[in-house]
There are 2 protein chains.
Amino acid sequence: MEYETPLFFRVMAYANEADRDVVDMVSGNPDWDPPAALREGLREYADLEPDAFQYPPSVGLRALREEIAARRGVDVEQVVITNGAGEANYLAMARALERDRGEEILLTDPVYPYYPGKTTMLGGRPAYVATDETGRLDPAAVREAASEDTAAIVVNSPNNPTGAVYPEKTIRELVTIAEAHDAILVSDEVYDHFDYAGAFSSALGIESNHRIVTNGFSKSMAITGLRVGYAVFPHHLVENARGRHMLVNVATTRPGQYAVLKALHETDPDYYERNRERLRERIDAFTEALEAAGAEYTRPEGSFYVMARFDGFPGTVENTFELIDEAGVAGMPGSGFGDSREDWLRFALVTPRVEEAADRLAGYLG
Amino acid sequence: MEYETPLFFRVMAYANEADRDVVDMVSGNPDWDPPAALREGLREYADLEPDAFQYPPSVGLRALREEIAARRGVDVEQVVITNGAGEANYLAMARALERDRGEEILLTDPVYPYYPGKTTMLGGRPAYVATDETGRLDPAAVREAASEDTAAIVVNSPNNPTGAVYPEKTIRELVTIAEAHDAILVSDEVYDHFDYAGAFSSALGIESNHRIVTNGFSKSMAITGLRVGYAVFPHHLVENARGRHMLVNVATTRPGQYAVLKALHETDPDYYERNRERLRERIDAFTEALEAAGAEYTRPEGSFYVMARFDGFPGTVENTFELIDEAGVAGMPGSGFGDSREDWLRFALVTPRVEEAADRLAGYLG
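Residues numbered from 1 in each chain as written. Chains lettered and ligands numbered in written order. Predicted model: local features only at pLDDT ≥ 70, side-chain atom pairs only at ≥ 80, totals over all residues. Heavy atoms only, no water.

An unreviewed UniProt entry lists chain A under the name Aminotransferase, with Natrarchaeobaculum aegyptiacum given as the organism. Chain A has a UniProt comment under Subunit (unreviewed entry) that states "Homodimer." (UniProt positions renumbered as here; feature names shortened; annotations may be inferred.)

Engineer: Could you give an account of the packing of aromatic side chains, with specific residues and numbers?
Structural biologist: Residues and elements named next belong to chain A. Inspection of every chain in the model, using the stated rule, returns 30 aromatic pairs over all chains. Judged by centre distance (4.8 Å) and plane angle (50°), the rings of Y45 and F53 are tilted. Per residue, the accessibility class of Y45 equals that of F53, and both read buried. Centre to centre, the rings of Y112 and Y114 are 5.3 Å apart; their planes meet at 10°, and the pair counts as stacked. A relative accessible area of 19% places Y112 in the buried class. (Phe/Tyr/Trp six-rings, centres within 6.5 Å; stacked < 30°, edge-to-face > 60°. Buried < 20%, exposed > 50% of the residue type's maximum accessible area, 1.4 Å probe, protein only.)

Engineer: Would you mind going over the relation of the copies chain B and chain A in detail, with residue names and values included?
Structural biologist: Between chain B and chain A, the superposition needs a rotation of 180° and an axial shift of 0.0 Å, giving an RMSD of 0.0 Å. Considering both components of the superposition, the chain copies are consistent with a two-fold axis. When each C-alpha of chain B is compared by its distance to the rotation axis, R43(B) comes out closest, at 2.6 Å. Here 100% of the contact residues of chain B are again contact residues in chain A; the copies associate through an equivalent surface. (Least-squares fit on C-alpha atoms with pLDDT ≥ 70 in both. Contact = heavy atoms within 4.5 Å.)

Engineer: Go over the sheet that holds strand β4 (residues 125-130) of chain B with me, naming the residues and quoting the values.
Structural biologist: Within a sheet, neighbouring strands are paired by backbone hydrogen bonds and run either parallel or antiparallel to one another. All names here are of chain B. Pairing is mixed in the open sheet, where seven strands are placed in the order β2-β8-β7-β6-β5-β3-β4. Here the strands that pair on one side only, and so sit at the sheet edges, are β2 (79-82) and β4. Strand-to-strand twist across the sheet, computed as the mean angle between neighbouring axes with direction ignored, equals 25°. In this sheet, β4 lies alongside strand β3 (residues 104-109) in parallel orientation, the contact comprising six bridges. Within β4, the position partnered with D109 by the bridge is A130. The sheet contacts of helix α3 (residues 62-72) involve β2, β7 (211-216) and β8 (229-232), and relative to β2 the element is tilted by about 120°. Here helix α8 (residues 235-249) sits on the sheet in contact with β2, β6 (184-188) and β7, set at roughly 20° to β2. (Pairing = 2+ DSSP bridges. Helix = DSSP H or I, 4+ residues; strand = E, 2+ residues; numbered from the N terminus. Axes fitted to C-alpha atoms, helices over the stretch in contact; angles between N-to-C directions.)

Engineer: Please set out the side chain of N29(B) residue by residue, giving values where relevant.
Structural biologist: Along the chain, N29(B) falls in the loop between β1 (23-24) and α2 (36-46). Within the structure, the side chain of N29(B) is placed 3.1 Å from the side chain of T224(B), a separation counted as a polar contact. Not counting residues up to four positions away in its chain, the partners in contact with N29(B) are Q54(A), Y55(A), T224(B) and V350(B). (Polar contact = N/O pair within 3.5 Å; in protein donor to acceptor, adjacent residues only side chain to side chain.)

Engineer: Give a description of the sheet that holds strand β12 (residues 332-333) of chain B that names residues and reports values.
Structural biologist: All names here are of chain B. A sheet is described by the order of its strands in space; here four strands give the open sequence β9-β10-β13-β12, paired in antiparallel fashion. The sheet terminates laterally at β9 (296-297) and β12, the two strands that pair on one side only. Two strands pair when backbone bridges link them, and β12 and strand β13 (residues 345-348) are joined in this way by two bridges, in the antiparallel orientation. When the sheet's bridge partners are listed, P333 is paired in β13 with L345.

Engineer: Could you give me a rundown of the pairing of strand β5 (residues 150-156) of chain B, with the residues and numbers involved?
Structural biologist: Residues and elements named next belong to chain B. Across the seven residues that make up β5, a large majority, seven, are buried. Pairing of β3 with β5, which is carried by three bridges, proceeds in the parallel orientation. The partner of I105 across the bridge, within β5, is A152. Here β5 runs beside β6; their pairing, made up of five bridges, is parallel.

In structure tokens, the structure reads:
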């Protein structure tokens, strides 16, 4: 088995080596501050006794699991703390495939590129259901694609890259489809704090033995480098996932868990609202400049990505490199997210220079 | 696929729930202090700019990889920073199996129980080569066991649980056997700083495209909870391992990497020597008390475990629980490490109360 170097890294490396100023809108790394209590948690941890530097429980610190369970309305036994949402998705997809109810994993197109990579690595077969042009997923299309061979349906709402937020009705129907095929709905909700219209609906709101919810603090607390996430499993699926987590990672880093717990306790809702407000302003500024430049674009309902299309300038890797060199703006080629968005580019709004970036794009392509 | 709850956790849980004082010698959690610079590294990290809280490179912070490469005499491109030595072993074993040169992984008996667990999870088949009563491995026995179906040979020196340190000649012959069968020697060297007679020999000392070395800072820096380890791959095997690391974990926690790098730069050899000296004293105290009690035992050349056997009291799970309740000493049943040590118990010397523990054992069993 061989794995390709992901496009993300090729584009980031190219942007870093460019011989000019480049506005970096490639990756989903927040540029805003983590909560003050998160920093304070790391400082506190540094002064603890030696036993606090040793293995936490493999499933995670009890107090952190309890805090998450209470917030999400689930039983603490269902919660496994993972090395970011990335490991949570890996465990969830592995769990679905290990049930031996099928080898196919239904994904959306466009797709977050780690999902097909994980599917293939785990011996599964990815299949795709097209979303509409705004990124919404029609459950009827999923129902049509699902079969006896479907092990899992993996969705991400709020969505990267489209910015779509699936309504409660969609999530409910996806759970029903998973149940009908004895499959698992894996609902990756890592952007749940970036829901601009209050339309987000968690799959945890629907009681079922056929859904796993994954999440993390990477985006909500602007700490993609700490690697603290979690998965919520139905009771009958959690034991095996705990086993795999232990055999792969033993446990999730303890200072990160400690700091996240403190930040959960001490960060008030204003912190999250300020981050949303900052992004709302960036979305407005970037999309207005795109509008003025005559580009097509998606206005995200959630997450922090904008997809844009420029006439006669498809979102290929070559064109992405050209924009870096000539316009000084680095985005991601739409082709990195599946066949349906080959004409598009994705821009992550993780820089205060979004308006400047849009002006540069307009100047070069307009 | 189902995984058993590891024996470690069952024993630890039983010891924690005991209604009496128990000397905990179950797990390999150091009870001594991490380096001062490690704590200082976490404090420094807490004050860095927001971009330092975001994804490190997936393979690890460049400066940490360079420091490790310089110390180990390898190329920086060969080094992948992992979520502890646990993930490093997982990646190494996965890489060996993915070469499609066989499905069998040769392990030693006694064995560190995570190895067979990882083997099975990865779709491989564990096979065992017996070591002698001191834990030494005879390369001739490995040569006899190896076949066309051997994908990897996994060894751990200094060894958990036996305390054996393999001489350079053994490591060299193991590499030769791996080469002869187009297999991979996976050499887990996480106890390399706990080598009491200076007899340790790293597999990195032998040039070969057929060996992967895994290691970590969990034991040497007394930070099992931070989860920072690494693997050194031959050039032609590293790309795929990087891919799997990214698809499973995205990256290894950044504050941990930052703090370990600072500790590598600023911790002088005295720190490691003090830890060895403390353990030498504990080994002396514990084994002398075992001797006085008429028990059989192994005196470790490396790592920090002592195996002991008491007449008429085999190292079963039931007897381990009895010792917790009646003697107030918690060890690990030898049966947890394979068939050959079913009569034995393993004690981790991670408490200053080793002499008291041996006296308690003598009092109850003598």
